[in-house]
Amino acid sequence: MMEFLKKFGSLVRTKRKALHYSQEDLAEKVDISWRHVPNIEAGKCDLRLSLVLRLADCLDIDLNGLKKYIKCDENGNYGKDLLK
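Residues numbered from 1 in each chain as written. Predicted model: local features only at pLDDT ≥ 70, side-chain atom pairs only at ≥ 80, totals over all residues. Heavy atoms only, no water.

Visitor: Sorry, what's going on with the overall build of the protein here?
Guide: Per the secondary structure count, the protein includes four helices and zero strands. When burial is assessed residue by residue, the protein has 32% of its 84 residues classed as buried. Intrachain contacts of the protein at a sequence separation of at least 6 include 57% that bridge at least 24 residues. On the protein, roughly 5,800 Å² of surface is accessible, and the fraction owed to carbon and sulfur atoms is 49%. (Helix = DSSP H or I, 4+ residues; strand = E, 2+ residues; numbered from the N terminus. Buried < 20%, exposed > 50% of the residue type's maximum accessible area, 1.4 Å probe, protein only. Contact = heavy atoms within 4.5 Å. Areas by Shrake-Rupley, 256 points an atom, 1.4 Å probe, with all protein chains shown as cover.)

Visitor: How should I be thinking about the environment of Ala 18 in this particular structure?
Guide: Relative to the elements of secondary structure, Ala 18 occurs in helix α1 (residues 2–18). In sequence terms Ala 18 and Leu 59 are 41 residues apart; their C-alpha atoms lie 9.4 Å from each other.

Visitor: Got a minute to help me understand the packing of helix α2 (residues 23–30) against helix α4 (residues 49–59) in this structure?
Guide: Angle between the axes and distance between the axes are the two parameters that describe a pair of packed helices. Across the interface, α2 lies against α4 with an axial gap of 10 Å and an inter-helix angle of 115°. Remark: the crossing between α2 and α4 carries right-handed chirality. Across from Leu 26, Lys 29 and Val 30 in α2, the residues of α4 making contact are Leu 51, Arg 54, Leu 55, Cys 58 and Leu 59. Its residues assigned to classes, the contact of α2 with α4 comprises six nonpolar, no polar and two charged. (Axes fitted to C-alpha atoms, helices over the stretch in contact; angles between N-to-C directions. Left-handed = near helix turned anticlockwise from the far one by under 90°. Nonpolar A, V, L, I, M, F, W, Y, C, P; charged D, E, K, R; others polar.)

Visitor: Where do I start with the packing of aromatic side chains in this structure?
Guide: Where two aromatic rings form a pair, the distance of their centres and the angle of their planes describe that pair. Within the structure shown, the criterion is met by one aromatic pair. Relative to Phe 8, the ring of Phe 4 has its centre 5.7 Å away and its plane inclined at 10°; by these criteria the two rings are stacked. With Phe 4 and Phe 8 both in helix α1 and four residues apart, the pair spans about one turn of that helix. Neither Phe 4 nor Phe 8 differs from the other in exposure class; each is buried. (Phe/Tyr/Trp six-rings, centres within 6.5 Å; stacked < 30°, edge-to-face > 60°.)

Visitor: Please clarify how the side chain of Glu 41 should be interpreted in this entry.
Guide: Inspection of the secondary structure assignment puts Glu 41 in helix α3 (residues 37–41). Setting aside anything within four residues of it in sequence, one finds Glu 41 in contact with Gly 9, Ser 10, Val 12, Arg 13, Arg 16 and Gln 23.

Visitor: Explanation requested: the packing of α1 against α4 in the structure shown.
Guide: Packing of α1 against α4 brings their axes to within 10 Å, and their N-to-C directions diverge by 30°. By the angle between their axes, α1 is roughly parallel relative to α4. As α1 packs across α4, the resulting crossing turns out to be left-handed. Across the interface between the two elements, Phe 4, Phe 8, Val 12, Lys 15 and Arg 16 from α1 touch Val 52, Leu 55 and Leu 59 from α4. (Parallel < 35°, antiparallel > 145°, perpendicular 65-115°, else oblique.)

Coordinates in, geometry out; function isn't part of it.
What follows is the structure in structure tokens.
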């Protein structure tokens, strides 16, 4: 899951800068504290699915490309690492 958080955070930073949003702008758009944004971008915090979806929607991030960073079992079921 850590690999996903780092990749997602890096993508958030890249997309935010491409859209010329400050960290404060992004925080306001997705209804979080601006203090949370640097930690998200650094991949240093667990994220609720609702926040991942809000960020992806706001920044036009395609989450399909990030699925490979989420571990699943041999049957393709996502496991406990999603719940951490």
